[in-house]
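Here's the letter readout for the chains.
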Amino acid sequence: RERFDFGGRTVASWFPGHMAKGLRQMRASLRRADCLIEQCMVTVLSGAHIPLSGRNPMLQEALGIRPHILVLNKMDLADPRQQPVSTEVGWASRGHGAAVTALLCLSPQIVPLVANLVGNSPRYHRAESTEYSILVIGVPNVGKSSLINSLRKLHLKKGKATAVGGEPGITKAVLTRIQVCEKPLMYLVDTPGVLPPKLEDMETGMKLALCGAIRDHLVGEDIMADYLLYTLNKQQQFRYVQHYGLTEACDDIEPLLRQVALAQGKMQKVKMLTGTGNINVTMLNYPAAAYQFLWDFRAGRLGKVMLD
């Protein structure tokens, strides 16, 4: 297919009350923040890469020009043929005038980089304080809580301090400060993921949905699976052929889901009314197959794919 037909569908707006409340709380917390760490959705759960679509411009507009670090997750699963980082850093620096630095993966460089940025920038009337207060922001399900927990484990050898999960909406409010380092004394503040109130662009919305930033049922697993197949074929990413035991690449989602259901044993029992009464018939479970296809993509089993 040369283009994807959305059939007049629109991505459902997903801006629950906790998002609006969280954004208000983030604005209130900004006066105590020395730096922002924006976690960009290079990958959620793994292989879906959207370093541009995975950012919410409303966050930059709302949260001002504090020193800003852009963290890109799990770049080991990114397509090595594409280089989004240099382009993105340049865009961020030009667009917002802040001290924006991109940092790949979860790295020990994060804490010293924050300390260096804050040390070379105004402390916003907090010069008497020697501790660092860092606001962690990003769209839903990008891994902000996981980043905090990982830094805490790395520098303090402590366990989890904030809940994590594989779907959006786990963090619903700005939490209290969480210490992640002793020297320098540094606190990170987890925040709820925030999407724009309305996603005007269907392609961007679908990329966010494929990465798990929007709950699957709001968009529809069927159209998400179809769009994923279209994207894989367009980029000539054909690992799904071998993964599911297909004879060749296909452009139609139905035979792919049939093969996924057969290969993964996705079956369901359905009652059918006949002339002699109800009987149970075992049929292929296409919705479960669509979800499996999406999950395999997010888990990196279908190759290294850049959606942007």
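Residues numbered from 1 in each chain as written. Predicted model: local features only at pLDDT ≥ 70, side-chain atom pairs only at ≥ 80, totals over all residues. Heavy atoms only, no water.

The protein appears in an unreviewed UniProt entry as Mitochondrial ribosome-associated GTPase 1 from Eurystomus gularis. Recorded in UniProt under Subcellular location (unreviewed entry), the annotation for the protein is "Mitochondrion inner membrane". (UniProt positions renumbered as here; feature names shortened; annotations may be inferred.)

**Structural notes on the pattern of salt bridges**
Evaluation of the coordinates by the stated rule reveals six salt bridges. Residues arginine 177 and glutamate 131 are paired through a salt bridge, measuring 2.5 Å at the closest nitrogen-oxygen approach. Placement of the pair is arginine 177 in the loop between helix 5 (144-156) and strand 6 (178-181) and glutamate 131 in the loop between helix 4 (110-119) and strand 5 (132-137), with a sequence separation of 46 residues. Classification of arginine 177 as partly exposed rests on a relative accessible area of 38%. Look at glutamate 131 and you get buried, because its relative accessible area is 19%. Between aspartate 216 and arginine 298 there is a salt bridge, and its shortest N-O distance comes to 2.8 Å. Of this pair, aspartate 216 sits in helix 7 (residues 216-219) while arginine 298 sits in helix 11 (residues 286-298); the two residues are 82 residues apart in sequence, bridging distant segments of the chain. (Salt bridge = Lys/Arg side-chain N within 4 Å of Asp/Glu carboxyl O. Helix = DSSP H or I, 4+ residues; strand = E, 2+ residues; numbered from the N terminus. Buried < 20%, exposed > 50% of the residue type's maximum accessible area, 1.4 Å probe, protein only.)

**Focus: the nonpolar core**
Counting 41 residues, the largest nonpolar core has Met206, Leu210, Tyr240, Leu256 and Phe293 as its most contacted members. Of all elements in the fold, only helix 6 (202-210), helix 8 (221-234), helix 9 (239-243), helix 10 (253-264) and helix 11 reach the threshold of two or more residues within this core. Sort the elements by how many residues they give to this core and helix 8 lands first, with eight residues. In this structure, Ile37, Ile110, Leu151 and Met186 belong to the second largest nonpolar core, which totals 22 residues. (Core = buried A, V, L, I, M, F, W, Y, C linked by side-chain atoms within 4.5 Å.)

**Things to note about helix 8**
Its 14 residues place the ends of helix 8 20 Å apart at the C-alpha level, agreeing with the 20 Å of an ideal helix rising 1.5 Å per residue. Counting buried residues along helix 8, eleven of its 14 residues qualify, which places the element largely inside the surrounding structure. Among all positions of helix 8, only Ile223, Met224, Ala225, Asp226, Tyr227, Leu228, Leu229, Tyr230, Thr231, Leu232 and Asn233 are buried. Residues of helix 8 that are buried sit in contact with helix 6, helix 7, helix 9, helix 10, helix 11 and strand 10 (305-306). (Expected span 1.5 Å × (residues − 1). Contact = heavy atoms within 4.5 Å.)

**What about the packing of aromatic side chains?**
The description of an aromatic ring pair uses the distance of the two centres, along with the angle that the planes make with each other. Inspection of the entire model under this criterion finds six aromatic pairs. Centre to centre, the rings of tyrosine 227 and tyrosine 230 are 5.9 Å apart; their planes meet at 40°, and the pair counts as tilted. Of the two residues, tyrosine 227 and tyrosine 230 are both situated in helix 8; the distance of three residues between them amounts to about one turn of the helix. With a relative accessible area of 3%, tyrosine 227 lands in the buried category. Aromatic rings pair up to connect Phe4, Phe6, Tyr227 and Tyr230 into one cluster. (Phe/Tyr/Trp six-rings, centres within 6.5 Å; stacked < 30°, edge-to-face > 60°.)

**Re the UniProt feature "binding site: GTP" (unreviewed entry) in the protein**
Within this numbering scheme, the UniProt entry marks Asn73, Lys74, Met75, Asp76, Asn141, Val142, Gly143, Lys144, Ser145, Ser146 and Gly193 as carrying the feature "binding site: GTP" (unreviewed entry). Within the fold, glycine 143 resides in the loop between strand 5 and helix 5.

**Section: helix 6**
The buried count for helix 6 comes to seven of nine residues, which makes it a mostly enclosed element. Restricting attention to buried positions, one finds in helix 6 the residues Met202, Gly205, Met206, Lys207, Leu208, Ala209 and Leu210. Residues of helix 6 that are buried sit in contact with helix 7, helix 8 and helix 11. A positive phi of about 90° marks glycine 212, the residue just after helix 6.

**Comments concerning unusual backbone geometry**
If a residue is not glycine, its phi is most likely negative; likewise, a peptide bond is most likely trans. The omega torsion of the bond from lysine 183 to proline 184 falls at 0°, within 30 degrees of zero and hence cis. With respect to the secondary-structure elements, proline 184 resides in the loop between strand 6 and strand 7 (186-189).

**A short note on the pairing of strand 9 (residues 277-284)**
Of the strand pairs in this sheet, strand 8 (residues 267-274) and strand 9 are connected by eight bridges, and their pairing is antiparallel. Its bridge partner lying in strand 9, lysine 269 is registered against threonine 282. Linking strand 8 back to strand 9 in an antiparallel pair, the connection comprises two residues. (Pairing = 2+ DSSP bridges.)

**What about the packing of helix 6 against helix 8?**
Two elements in contact, helix 6 and helix 8, have axes separated by 10 Å at closest approach and are oriented at 100°. Between helix 6 and helix 8, the angle is such that the two are roughly perpendicular. Here helix 6 contributes Glu203, Met206, Lys207, Ala209 and Leu210 to the contact with helix 8, which in turn contributes Ile223, Met224, Tyr227 and Leu228. For the contact of helix 6 with helix 8, a count of residues per class yields seven nonpolar, no polar and two charged. (Axes fitted to C-alpha atoms, helices over the stretch in contact; angles between N-to-C directions. Parallel < 35°, antiparallel > 145°, perpendicular 65-115°, else oblique. Nonpolar A, V, L, I, M, F, W, Y, C, P; charged D, E, K, R; others polar.)

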